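Structural features, examined
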Amino acid sequence: MADKPRKLPQEVFAPWEDPEAKPLIQFRNVTKRFGEFTAIDDLTLDIYEREFFALLGPSGCGKTTMMRMLAGFEAPTEGQILLDGQNIAPVPPNLRPVNMMFQSYALFPHLSIWDNIAFGLKRDKLPKDKIAARVEEMLRLTRLEKFARRKPHQISGGQRQRVALARSLAKAPKLLLLDEPLGALDRKLREDTQFELMDIQEKTGTTFVIVTHDQEEAMTVASRIAVMNHGKIVQVDTPARIYEAPANAYVADFIGDVNLIEGTATRTGEDRCSVRFAEAADPITAECTADLSDGIAVTYAIRPEKILVTADRPADRANALEGQIIDIGYLGNISTYHVELPGGQMIKAAMTNSTRLDRRDFTWDDRVWLSWRETAGVVLTE
Amino acid sequence: MRRAVLILLPYTWLAALFLVPFLIVIKISLSDTALAIPPYTPTLDLTQGWEGIRTWWAGLDFENFVFLTEDDLYWKAYLSSLKIAVISTLITLSIGYPIAYGMARAPEEWRPTLMMLVILPFWTSFLIRVYAWKAILSKEGFLNQILLATGLIDDPLIILNTNTAVYIGIVYTYLPFMILPLYAALEKLDGALLEAAEDLGCSRLSAFWLVTVPLSKQGIIAGCFLVFIPVVGEFVIPALLGGSETLMIGKVLWEEFFSNRDWPVASAVAVILLAILIIPIVLFLKNEEKQREAEG
């Protein structure tokens, strides 16, 4: 029994890294114009089966237009959208294997919850018992059994959200579109529902495309995120890579909290460079790509939680800068310190409050040391 | 106290301007016609005290209502009025719905203008507008002139003084009353609901039947009532545009009052007309209430 096969590590879901994988949806050089306004600008993107794909961006960035083109409510001005390799431009919305959960939920107010969920199934002229079985299944999945006979105005916002989800999943679409699905819920309910959504997505194996402007929501639910701005995709990647390796200052700033320090880079080693940002302060040592040329303007991005605040200079960290505390924000789980460096650069640093109500180490106007490792931040050239 | 006054105000209004006059009409309908001023007996003479009230009460009977059932003119007129009202309500609905739908779907900056156009005819006298239809529909009218000139017909159409002219006049006059409540209902309709219906497999047409129509039900009902009720008692339009074949209860009522000077019979006609109109409305409202309760 010595040669018992070693247990393989569980396969990670990452079809986008597999060159063999066939995407479910392909945007090919899609442009959409409304009169003079270009909503989507020459956009190319692949989305794979079983993905939970998030389109993230500020309002007006074109994310909703992309979703409406997938649903069939808008047609691309140029380019093609392929679903399973087929151009879907000539297919009207009612014949697409795509369903949408609307931002306003768009539940039919004159129909009961049961009839709302059965609406799409009835249109397919399924036999009555099949419809009933499928509706019951959806009611169970979304824990709505008790409310089947009620009208939409007789249930709470969270329940309505689940009805909308059940209705759009009832026809077992190849692709489910979710337009800001949790926008109308309060924070606590939203967080619970995010996990519920992920759970349902896993159970049904449906490909989900979610549109949101809430970066936390996108980070929580998505397998990949496309960050959009002005009708273009700025970066497509997993939540972790979007956060830790943003492609440019826009993405770094849009996702989470970040310090953006502008300076000039000088190469110091094979994959090391130093970023000088002020006459009065030491340059920052950072990791950087091999093709970085000397003396160009860069933005150094570092997340507040990567910075350690101490009273004395730590010996083991590549970067250590002294500054003065200007402001302290107590958020319960963390405290953020706004520290002014010589030369006027403000840096935000976040420290976890791991013990209860202890005496605070620092107060306003204290001089402190900020320190971080070489790999903690990224050098951005855009 | 303030609430009581606020509630009392509309009730006082209704009592003074509807209930009291209606009670007077009922009283007249129970009286006998007489060559006097006012042209009926008995009249209440309070100077004779209790005895006066007693003789007044003894003079009241249902004779006029019995008379209405004996002469078939009256129930024929009621039936004919109801028929004309039903048909013209349906025609008004089928013309008004597309107009209201188009208005509700028009770009937002256009809607006040369209609304204005619907209301605009009210700015001129109703009588003038009905007379204008006489000029259009008569044998030598504009319509026949155009049709003859373009060669579409060889002989002029006889429209004026027929029921067709009455329908045209009624539909034209009451169309705004249909459009306005329909527009109010359709304008509130959330466009996302139609998109959702399409997304779930409806064609445009079935989305209209399954979503738009049920959700504008309140507007349809309100519009139909606003047209049906006044049309049943309509007098001016059949008098001006209709002919001898046009039998409507409003005309009968007018003739009883002004030609026959038989106020008691005319009052009885009016009381029955009101009953005919009120009973279906009450039944309908009861039904609505029951439905709402069932939905809980």
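Residues numbered from 1 in each chain as written. Chains lettered and ligands numbered in written order. Predicted model: local features only at pLDDT ≥ 70, side-chain atom pairs only at ≥ 80, totals over all residues.

**Section: the sheet that holds strand β8 (residues 207-212) of chain A**
Residue and element names in this part refer to chain A.
- The six strands are arranged β6-β7-β8-β3-β9-β10 in an open sheet whose pairing can be described as mixed. With one partner strand each, in any of the chains shown, β6 (98-101) and β10 (232-237) form the two edges of the open sheet. Neighbour to neighbour, the strand axes of the sheet diverge by 20° on average, direction disregarded.
- Relative to strand β7 (residues 175-179), β6 runs parallel, the two sharing four bridges. (Pairing = 2+ DSSP bridges. Helix = DSSP H or I, 4+ residues; strand = E, 2+ residues; numbered from the N terminus. Axes fitted to C-alpha atoms, helices over the stretch in contact; angles between N-to-C directions.)

**Regarding the UniProt feature "domain: ABC transmembrane type-1" (unreviewed entry) in chain B**
- Within this structure's numbering, the places UniProt gives as "domain: ABC transmembrane type-1" (unreviewed entry) are residues 78-284 of chain B.
- Note that residues 78-284 of chain B is 77% helix and 0% strand, and that its end C-alpha atoms are spaced 20 Å apart. (UniProt positions renumbered as here; feature names shortened; annotations may be inferred.)

**Re the nonpolar core**
Residues and elements named next belong to chain A.
- In terms of nonpolar packing, the biggest core is built from 103 residues, with A54, L70, I117, L177, V209 and V379 touching the most fellow members.
- Top element by residues in this core is helix α2 (residues 113-123). It accounts for six residues.
- If you count residues domain by domain, this core takes at least three from each of domain 1 (15-250) and domain 2 (257-380). (Core = buried A, V, L, I, M, F, W, Y, C linked by C-beta atoms within 7 Å. Buried ≥ 20, exposed ≤ 12 C-beta atoms within 10 Å, placed from the backbone. Domains from an automatic or database assignment.)

**Some thoughts on the domain arrangement of chain A**
Residues and elements named next belong to chain A.
- When cut into domains, chain A gives domain 1 (15-250) and domain 2 (257-380).
- The straight-line distance from the C-alpha centre of domain 1 to that of domain 2 is 39 Å.
- At the junction of the two partners, domain 1 supplies four residues and domain 2 supplies five residues.
- Considered class by class, the residues forming the side of domain 1 that touches domain 2 number three nonpolar, one polar and no charged. (Contact = placed C-beta atoms within 7 Å. Nonpolar A, V, L, I, M, F, W, Y, C, P; charged D, E, K, R; others polar.)

**Re the interface of chain A and chain B**
- Across the boundary between the two partners, chain A contributes 17 residues, which contact 15 residues of chain B.
- Of all the secondary structure elements, the ones that give two or more residues to the side of chain A that touches chain B are β6 and α2 of chain A.
- Here the element with the most residues in the side of chain A that touches chain B is α2(A); it accounts for three residues.
- Partitioned by chemical class, the residues of the side of chain A that touches chain B number nine nonpolar, five polar and three charged.

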